[in-house]
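# Observations on the model geometry
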Amino acid sequence: MGEVDPAFIQDPEHRPKPDPIEADNVPIIDLSPLNSPEPDSITLKSLVAEIGDACEKWGFFQVINHGVPLSYREKIESIYRAFFVLPKEEKKKVARDEVNPTGYYDTEHTKNVRDWKEVFDFTVVPAVIPASHEPGDEELKDMINHWPDNPADMRQICQEYGAEMEKLAFKLLELIALSLGLARDRFNGYFKDQTSFIRLNHYPPCPVPDLALGVGRHKDAGALTVLAQDDVGGLQVKRKSDGEWILVKPTPNAYIINVGDIIQVWSNEKYESVEHRVKVNTDRERFSVPFFFNPAFYTMVEPLDELVNDHNPAKYKAYNWGKFFTTRKLSNFKKLDVENIQIHHFKN
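What counts as what
Residues numbered from 1 in each chain as written. Predicted model: local features only at pLDDT ≥ 70, side-chain atom pairs only at ≥ 80, totals over all residues. Heavy atoms only, no water. Salt bridge = Lys/Arg side-chain N within 4 Å of Asp/Glu carboxyl O. Buried < 20%, exposed > 50% of the residue type's maximum accessible area, 1.4 Å probe, protein only. Helix = DSSP H or I, 4+ residues; strand = E, 2+ residues; numbered from the N terminus. Pairing = 2+ DSSP bridges. Expected span 1.5 Å × (residues − 1). Arc of directions from axis to C-beta. Phe/Tyr/Trp six-rings, centres within 6.5 Å; stacked < 30°, edge-to-face > 60°. Lys NZ or Arg CZ within 6 Å of the ring centre and 35° of its normal.

Attention now goes to the pattern of salt bridges. Under the definition given, this model contains 18 salt bridges. The closest approach of N and O atoms between arginine 239 and aspartate 242, which form a salt bridge, is 2.7 Å. On the accessibility criterion, arginine 239 (15% relative accessible area) is buried. Aspartate 242 gets classed as partly exposed once you look at its relative accessible area, which sits at 42%. Three or more residues joined by partner-sharing salt bridges are found here, namely Glu77, Arg81 and Glu285.

This is the structure in structure tokens:
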């Protein structure tokens, strides 16, 4: 992975504290009522209230009894371990670039030199995005997955896992819509031509874990993130109530959910996208698999009409998701002339 940048020692804002708070109070929500063909209204109402409370107070929660068969998770774990153990030269054969953001990369070759990881990205369904971040550029390009020859069944297993993640994400999106007092399918239309993708993360052991992060502090730009992590853990969430960093303990076969910037804007800040980061481990490698649930490139993201009134005016101007997404991706490869785009740039 390379050496830790010595300048990082002088950057305490982004360095992890030695002892984040370990807490069991990141909400754990049982989705088993959804496994019934006709959940009773009282049980469903209680579940919706739990989801809304977790979104509002934490921005993060875990789900159990979510309906994703364990076999899919076991297969994806097996396949990413087989891929990341390959020689670097083999992995680079499916490297991503400025033209196509899918495929393999490690942080030795990006501007994020303080992040300690390597990844493989793939889209869940065929997608298109604007070809450039330049204003007024309407040219589109396909997001084409780069599949390696080895492991031979990587493509099939990843696509099957992606289909399961998509089903779970729609369930959660509908619960969030209900928790906001909206129609259950209020958000679904935005994902007809979704730009969702999955990232296979590998965090090698780090000799100086207090001077590096697997991923630095950030917020997710999309709508929802559905994360599977192994038993090593390392995810830290910035608690809204007091700003403390909370270590999210792994829960067997659970998925960790967080609302992203798009939900923050759609809800007109009733729900907030929360900062999080990943602490690396001295002795053990760590794997995680986030599914980033993103709308169609042509989606104009803005507060929903139903949640805006004279007493609660729109807090954001509309922005185009495709151009936002493309600009964020481009910033991974080269320094732009402006600050990395954030939703606060569209605040009213």
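Once that is clear, we can look at the pairing of strand E5 (residues 118-123). The side chains of a regular strand alternate between both faces of the sheet. Judged by how many residues are buried, E5 sits mostly within the fold: six of six residues are covered. Where burial is concerned, the two faces of E5 agree: the one with Glu118, Phe120 and Phe122 and the one with Val119, Asp121 and Thr123 are both buried. In this sheet, E5 lies alongside strand E4 (residues 103-106) in antiparallel orientation, the contact comprising four bridges. In the sheet register, glycine 103 faces E5, and the bridge partner there is aspartate 121. Sheet topology places E5 next to strand E8 (residues 197-203); six bridges connect them, and they run antiparallel. By the bridge assignment, threonine 123 is partnered in E8 with phenylalanine 197.

It is worth spelling out helix H2 (residues 70-84) at this point. Here H2 spans 22 Å end to end across 15 residues, near enough to the 21 Å set by a 1.5 Å rise per residue. Three or more residues of H2 are buried, namely Arg73, Ile76, Ile79, Tyr80, Phe83 and Phe84. The buried residues of H2 occupy an angular sector of 135° when projected down its axis, which confines them to one face.

All told, the structure shown has 23 aromatic pairs when counted by the stated rule. Aromatic side chains tyrosine 319 and phenylalanine 324 sit 5.0 Å apart centroid to centroid with 35° between the ring planes, which places their arrangement in the tilted category. Assessed through its relative accessible area of 1%, phenylalanine 324 is described here as buried. Taken together, the ring pairs in this structure connect Tyr80, Phe83, Phe84, Tyr104, Phe120, Phe122, Trp147 and Phe287 into an aromatic cluster. In this structure, arginine 73 packs its charged tip against the face of tyrosine 255, placed 4.8 Å from the ring centre. Directly above the aromatic system of tyrosine 316 lies the positively charged group of lysine 347, at a separation of 5.1 Å from the ring centroid.

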